[in-house]
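Structural overview
So you can see what is in the structure, the chains are spelled out below.
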Amino acid sequence: MGALGLKTHIWNNNLRSIFLLGAFPFLLLAIIYGAQLMMMGAGMLPSTGDLGADLMLSFEMMLTSAPMAFVVAAIWFVIAYFANQKIIDMATGARVIERRTDPDLYNLLENLAISRGLRTPTLRIIETDMLNAYATGLHEGQYSVTVTRGLVNSLNRDELEAVLAHELAHIINRDVRTMVIAAVFAGIVSLVAEMMFRSIRFMAMGGSNRSGNSSNRSAGGVLILIGLAIAVIGYVLAIVVRMSLSRTREYVADAGAVELTKNPDAMISALRKVSGQSRLEAPDELRGMFLENEGNAAIGLFNTHPPIEKRIKALMRYAGGRDEGPGSSPRVHVSAPGAPTSTTVPPVG
């Protein structure tokens, strides 16, 4: 977990993110193509009556409509770029807090930021008993770290510092920018998919105006099935891409927290306390930003985060941490000679 190894992980993750984010426009086109096939099969768009010709015609129509789709996506992206924090705050119920209201919490974040020569991110809190946190922002001066009241009340000073360091690591590694952009793209894909599924319901309720002989109706049914398969595959792949972006970065942020605090035990203990207590009401597009997002072990491909147990094992193996088990507190943290000593104290807040 040395500096060179950590930076290499960061570079590899950023490179992977570029390729993964680059997949979103193509997935959007795939969903549009599938939607057009279904509309063609339902008689809502012109058809040649031949399956192969219809597939090619739909592809040409997709290429024609692509510029307009990208213009709409670009407009949505611009809106989300400038209003992303307000949108996230509305979705999660977060509010800004100042030093005078939570001085201990604010000072912890400020000290971590100063240690890396960073401007202190805006601090926000969600009034819920659940234990979670996340970082947001696209550039310096816009970064924010949000924690829940349950996290502040349940974790001791070292554990809370480790969580704040984890979120600050996401900012240092530019993960927050990638995840905000991914959430915006996922929102666009979800919007297109929702429109598509509404069209399916419309057709299922008899909204289709296709007429003609049985062979035409049969060809239309095949087009609908093909279009549905393509659109669903595109939508599922978009979900997998978004999940992969956040899942690989949590290990690096855990390591970054240890690099900042020099206290792997505190990070392990914090993860133990958060486990099973992290459920927050928020759109799926935002859950990938959280410190923890409980998933389903049976379908790990669709989980935004690696299991807590794997994160703890990684910290034990590569950072020399010790796991005292559920409900434990970290060992007393002794800093380097000349530096202030961090010890276990009662919870902040």
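Structure first, text after, so check above.
Let me sum up the structure you'll find in this document.

Definitions and limits used
Residues numbered from 1 in each chain as written. Predicted model: local features only at pLDDT ≥ 70, side-chain atom pairs only at ≥ 80, totals over all residues. Heavy atoms only, no water. Helix = DSSP H or I, 4+ residues; strand = E, 2+ residues; numbered from the N terminus. Buried < 20%, exposed > 50% of the residue type's maximum accessible area, 1.4 Å probe, protein only. Contact = heavy atoms within 4.5 Å. Areas by Shrake-Rupley, 256 points an atom, 1.4 Å probe, with all protein chains shown as cover. Axes fitted to C-alpha atoms, helices over the stretch in contact; angles between N-to-C directions. Parallel < 35°, antiparallel > 145°, perpendicular 65-115°, else oblique. Nonpolar A, V, L, I, M, F, W, Y, C, P; charged D, E, K, R; others polar. Pairing = 2+ DSSP bridges. Phe/Tyr/Trp six-rings, centres within 6.5 Å; stacked < 30°, edge-to-face > 60°. Salt bridge = Lys/Arg side-chain N within 4 Å of Asp/Glu carboxyl O. Core = buried A, V, L, I, M, F, W, Y, C linked by side-chain atoms within 4.5 Å.

This part covers the overall build of the protein. Check the secondary structure of the protein and you find 10 helices and four strands. Counting all 349 residues of the protein, 47% fall into the buried class. Sequence-distant contacts in the protein: of pairs separated by 6 or more residues, those separated by 24 or more amount to 72%. Accessible area of the protein: about 16500 Å², with a carbon and sulfur share of 63%.

As a further point, take the packing of helix α5 (residues 157-172) against helix α8 (residues 264-274). The interhelical angle for the contact between α5 and α8, taken along N-to-C directions, is 90°, at an axis separation of 8 Å. One way to sum up the angle between α5 and α8 is to call them roughly perpendicular. Between α5 and α8, the residues in contact are D158, E159, A162, V163 and H166 and A266, M267, S269, A270 and K273, respectively. Class assignment for the residues of the contact of α5 with α8 results in five nonpolar, two polar and three charged.

Bringing the pairing of strand β3 (residues 133-136) into the picture now. Because side chains alternate across β3, one face comprises the buried residues A133 and A135, and the other comprises Y134 and T136, equally buried. Bridge count between β3 and strand β4 (residues 144-148): four bridges; the pairing is antiparallel. If you follow Y134 over to β4, its bridge partner there is T146.

A separate point is the packing of aromatic side chains. Across all of its chains, the model carries two aromatic pairs by this definition. Consider the rings of Y33 and F59, whose centres lie 6.2 Å apart with planes at 80°: the pair is edge-to-face. In this pair, Y33 is assigned in helix α1 (residues 3-41) and F59 in helix α2 (residues 51-92), connecting sequence segments 26 residues apart. Residue Y33 is classed as buried on the basis of its relative accessible area, which comes to 14%. Looking at F59, the relative accessible area reads 36%, which means it is partly exposed. Each ring, one from Y134 and one from F290, has its centre 5.4 Å from the other, and the planes form 35°; the classification is tilted. Of this pair, Y134 sits in strand β3 while F290 sits in the loop between α9 (284-287) and α10 (308-319); the two residues are 156 residues apart in sequence, bridging distant segments of the chain. The exposure class assigned to F290 is buried, which follows from its relative accessible area of 1%.

This part is about the pattern of salt bridges. Inspection of every chain in the model, using the stated rule, returns 13 salt bridges. Where R311 meets E250, a salt bridge forms, and the shortest distance between an N and an O atom there is 3.7 Å. Here R311 is found in helix α10, whereas its partner E250 is found in helix α7 (residues 214-261), with 61 residues between them in sequence. A residue is classified by how much of its surface remains accessible, and R311, at 0% relative accessible area, is buried. A relative accessible area of 1% places E250 in the buried class. Members of the salt-bridge network, linked through shared partners, are R95, D102, E127 and R149.

Attention now goes to the nonpolar core. Within the largest apolar cluster, 38 residues are counted, with the highest numbers of intra-cluster contacts made by L105, V147, L151 and L164. When residues in this core are grouped by element, the largest group, seven residues, is from α5. When neighbours within four sequence positions are excluded, L164 is seen to be in contact with L105, L108, L109, L112, V145 and V147. Core analysis: the next-biggest nonpolar cluster, separate from the first, contains 22 residues, I31, I32, A69 and A73 among them.

Right, let's get into the pairing of β4. Burial runs high along β4: five of the five residues are buried. Alternating residues of β4 divide into S144, T146 and T148 and V145 and V147, and every residue in both groups is buried. By the bridge criterion, five bridges tie strand β2 (residues 122-126) to β4 in an arrangement that is parallel. Note that in β4 the partner of R124 across the bridge is T146.

Another point: the sheet that holds β2. Read across the open sheet, the four strands follow the order β1-β2-β4-β3; overall the sheet is mixed. The open sheet has two edge strands with one neighbour each: β1 (95-96) and β3. Where β1 lies against β2, two bridges are found, and the strand directions are antiparallel. Across the sheet, the residue bridging to V96 is R124, located in β2. The strands touched by α2 are β2, β3 and β4; relative to β3, the strand with the most contacts, the crossing angle is about 160°.

The angle between the axes and the distance between the axes are what describe a pair of packed helices. Running from N to C, α8 and α10 point in directions that differ by 170°, and their axes come no closer than 10 Å. In terms of orientation, α8 lies roughly antiparallel with respect to α10. Packed against α8, whose contacting residues are P264, M267, I268, L271 and R272, the element α10 presents I308, E309, R311, I312, L315, M316 and A319 at the interface. Within the contact of α8 with α10, the residues separate by chemical class into nine nonpolar, no polar and three charged.

Interpretation in functional terms is not warranted from these geometric data alone.
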